Amino acid sequence: MMTGELVRAVLRRLGLSRPALNGAVALATPVMLRIAFGRWPDKAERRAFRHAVATDYVALPGLLRGMMVFLDLRLEVRRAAAIDAQTGRRRGDDTGDPFATRIFPGGVPGLDDLGGDVFTAWCGPPLGFFHVEKCGGVALMRWLAPQFHPAQIDPDPVRAAPPHQFVRAVSGAVSGCGIEVARYRLIWGHYDLAAFERFGSGRFGSGRFVFTLLREPRARLVSLYHYWRSVRPERLADPAGDPIVGVAQRCDLLGFLQSDHPLLRDYIDNVYARRLTGRYATGETVDALRADREGTLAAAEAALARLDFVGITERLDESASRLAALTGAAAPTANLRANVAEENHADPSGWFRPVERQAVSAEVEAALDRLTDLDSVIYAHALSSFEKRG
């Protein structure tokens, strides 16, 4: 149906004649343009708007025709179209984009605010955030990501999968996500340091500034347990057999820490050392970290020294301010707030349930000490360096 025919059909349905519609437009024009412009229109602007609304010279609704007469409003319409196209891309709608609304696979949990800002562009060095779970990384990214255009941020839909679970395209093993990832100005996720070396980083040839946050490792591990325990069991594909999150669902804190499944071990046994060195238990006949703990610690500390900046979760605001100074980012204007497991049940994604924190017994303390012996040294080294550079 042509626009003119559609208008006539609407007028017939409303019982309005064309002169009546023109009269209504004439009366409403000053107010509509006042809202659109933010000022009262002059006589010529009112006349041009009324003419465009009443004349079917473009197959657009009358109101849009009227707005498109003016350059400033055409720019606003284009901006609105850009916003719609970008948010549609992130929703994974009929544009065919493969990435879902949420950054985590399966949509856990809603993090739409980490997709960048269509009205800005990052002009600083390319950044790489070596993000370890439960170290305040989401809080940091809620400050940093809006300083990038969405097209500048690596859209890897499996950024939440650590390297021992998923081999990304940068290693040449998988096609699709992560291809040409080095072209993005911001790469972040649960990668390990070896992945950033493949991407190229400040010490490895392309000028990428790679940074991380480290948290007191025992506290990180307890937080991880409660975070996974708060996930609703029905959200898991196999709650009874899941070897990672499912263990937190089925076991108390001590049982969780005592699990020896290789997949889970790579999450809870000295994860800093594993991510810095690439020494994983998954898929290996011998766990290289356990086989050579002293060698692993030496390699991890050497790797830590290759990072351009190491922040401290317990000093998150100070870490963000220092990172801003080093990279040219706009400093945070408010305190950063990390994810709190006890509040996850309020997340609108519906992925979480309320949980109570479990007591830390003497047996749990011993298990935590065993699982963080290398990470505690790494963290102490990072904290000492952070304080010295303050």
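These figures come from a predicted structure and were not determined experimentally.

J.: Describe unusual backbone geometry, naming the residues involved and giving the relevant values.
T.: It is generally the case that most residues other than glycine have a negative phi and that most peptide bonds are trans. The residue K134 is not glycine, and still its phi comes out positive at about 60 degrees. Relative to the helices and strands, K134 resides in the loop between β1 (127–130) and α6 (137–144). Not every positive phi belongs to a glycine, and N270 is a case in point at roughly 50 degrees. Inspection of the secondary structure puts N270 in the loop between α11 (262–268) and α12 (271–277). In this structure N270 comes out as buried when scored by relative accessible area, which is 0%.

J.: Let's hear about the sheet that holds strand β2 (residues 186–189): which residues, and what values?
T.: With respect to topology, 4 strands assemble into an open sheet ordered β2-β1-β3-β4, the strand pairing being parallel. Of all strands in the sheet, those bounded by a partner on one side alone are β2 and β4 (309–312). Across the sheet, the mean angle from the axis of one strand to that of its neighbour is 20 degrees, orientation sign disregarded. Bridge count for β1 against β2 is 4 bridges, and the pairing is parallel. The residue of β2 that forms the bridge with L127 is L186. Those strands touched by helix α17 (residues 373–388) are β3 (209–214) and β4, and its axis lies near 100 degrees from that of β4.

J.: Mind laying out the nonpolar core, listing which residues take part and the relevant values?
T.: Across soluble globular proteins, you tend to see nonpolar side chains buried next to one another. Core analysis: the largest hydrophobic core is formed by 54 residues, its most contacted members being L140, W143, F211, L276 and I378. Once residues within four sequence positions are removed from consideration, I378 is found in contact with L214, Y272, A273, L276, L297, A300 and L304. With 26 residues, the next largest nonpolar core counts V245, F352, L368 and L371 among its residues.

J.: How would you explain the confidence of the model for the chain if you had to name every residue and give the values?
T.: Per-residue pLDDT for the chain averages 79, and the proportion of residues at 70 or more is 74%. Here residues 167–179 scores under 50 on pLDDT; set against residues more than four positions off or in separate chains, the count is 24 contacts.

J.: Describe in detail the pattern of salt bridges, supporting the description with residues and values.
T.: Counted by the stated rule, this structure contains 16 salt bridges. Of the charged contacts, one joins D266 and R274 as a salt bridge, the two residues approaching to 3.3 Å between their closest N and O atoms. The exposure class assigned to R274 is buried, which follows from its relative accessible area of 0%. D287 is the partner of R290 in a salt bridge, and the nearest nitrogen-oxygen pair spans 3.9 Å. The exposure class assigned to R290 is partly exposed, which follows from its relative accessible area of 34%. A single salt-bridge network, built from bridges that share partners, covers D260, R265, D266, D269, R274, D287 and R290.

J.: For the packing of aromatic side chains, give the residues involved together with the corresponding values.
T.: Taken as a whole and assessed by the stated rule, the structure comprises 7 aromatic pairs. Where F209 meets F211, the ring centres are 6.4 Å apart and the plane angle is 45 degrees; that geometry is what we call tilted. Given a relative accessible area of 12%, F209 falls into the buried group. For F211, a relative accessible area of 0% translates into the label buried. On the numbers, 5.6 Å between centres and 45 degrees between planes, the contact of Y227 with F352 is tilted. Taken together, the residues Y227 in helix α8 (residues 217–229) and F352 in the loop between α15 (316–327) and α16 (362–371) connect sequence positions 125 residues apart. Relative accessible area serves as the criterion here: at 2%, F352 is assigned to the buried category.

J.: Quick one: what's the story with α16, residue by residue and with numbers?
T.: Those residues of α16 lying buried are V364, A367, L368 and L371. All buried residues of α16 lie within an arc of 100 degrees about the axis, which places them on one face of the element. In this structure, the buried side of α16 is in contact with α8, α10 (253–258), α11 and α17.

J.: Explain the environment of L140 to me, using residue names and the numbers behind them.
T.: Within the fold, L140 resides in helix α6. Taking the C-alpha atoms as reference points, L140 and S319, 179 residues apart in sequence, are found 9.2 Å from one another.

J.: Explain the packing of α8 against α16 residue by residue, including any values.
T.: Remark: α8 packs on α16, axes separated minimally by 9 Å, with the N-to-C direction vectors making an angle of 115 degrees. The orientation of α8 with respect to α16, classified from their angle, is roughly perpendicular. Crossing handedness for the pair α8 and α16: right-handed. Judged by residue contacts, R218, L221 and V222 of α8 engage E365, L368, D369 and L371 from α16. Broken down by class, the residue content of the contact of α8 with α16 amounts to 4 nonpolar, no polar and 3 charged.

J.: I'd like to hear about the environment of I268, residue by residue, with values.
T.: By secondary structure assignment, the location of I268 is in helix α11. Taking the C-alpha atoms as reference points, I268 and F256, 12 residues apart in sequence, are found 9.3 Å from one another. Sequence-distant contacts of I268, defined by excluding residues within four places in its chain, comprise L221, L224, F256, L257, S259 and L371.

Quick notes on the rules
Residues numbered from 1 in each chain as written. Predicted model: local features only at pLDDT ≥ 70, side-chain atom pairs only at ≥ 80, totals over all residues. Heavy atoms only, no water. Helix = DSSP H or I, 4+ residues; strand = E, 2+ residues; numbered from the N terminus. Buried < 20%, exposed > 50% of the residue type's maximum accessible area, 1.4 Å probe, protein only. Pairing = 2+ DSSP bridges. Axes fitted to C-alpha atoms, helices over the stretch in contact; angles between N-to-C directions. Contact = heavy atoms within 4.5 Å. Core = buried A, V, L, I, M, F, W, Y, C linked by side-chain atoms within 4.5 Å. pLDDT = per-residue confidence, 0-100. Salt bridge = Lys/Arg side-chain N within 4 Å of Asp/Glu carboxyl O. Phe/Tyr/Trp six-rings, centres within 6.5 Å; stacked < 30°, edge-to-face > 60°. Arc of directions from axis to C-beta. Parallel < 35°, antiparallel > 145°, perpendicular 65-115°, else oblique. Left-handed = near helix turned anticlockwise from the far one by under 90°. Nonpolar A, V, L, I, M, F, W, Y, C, P; charged D, E, K, R; others polar.

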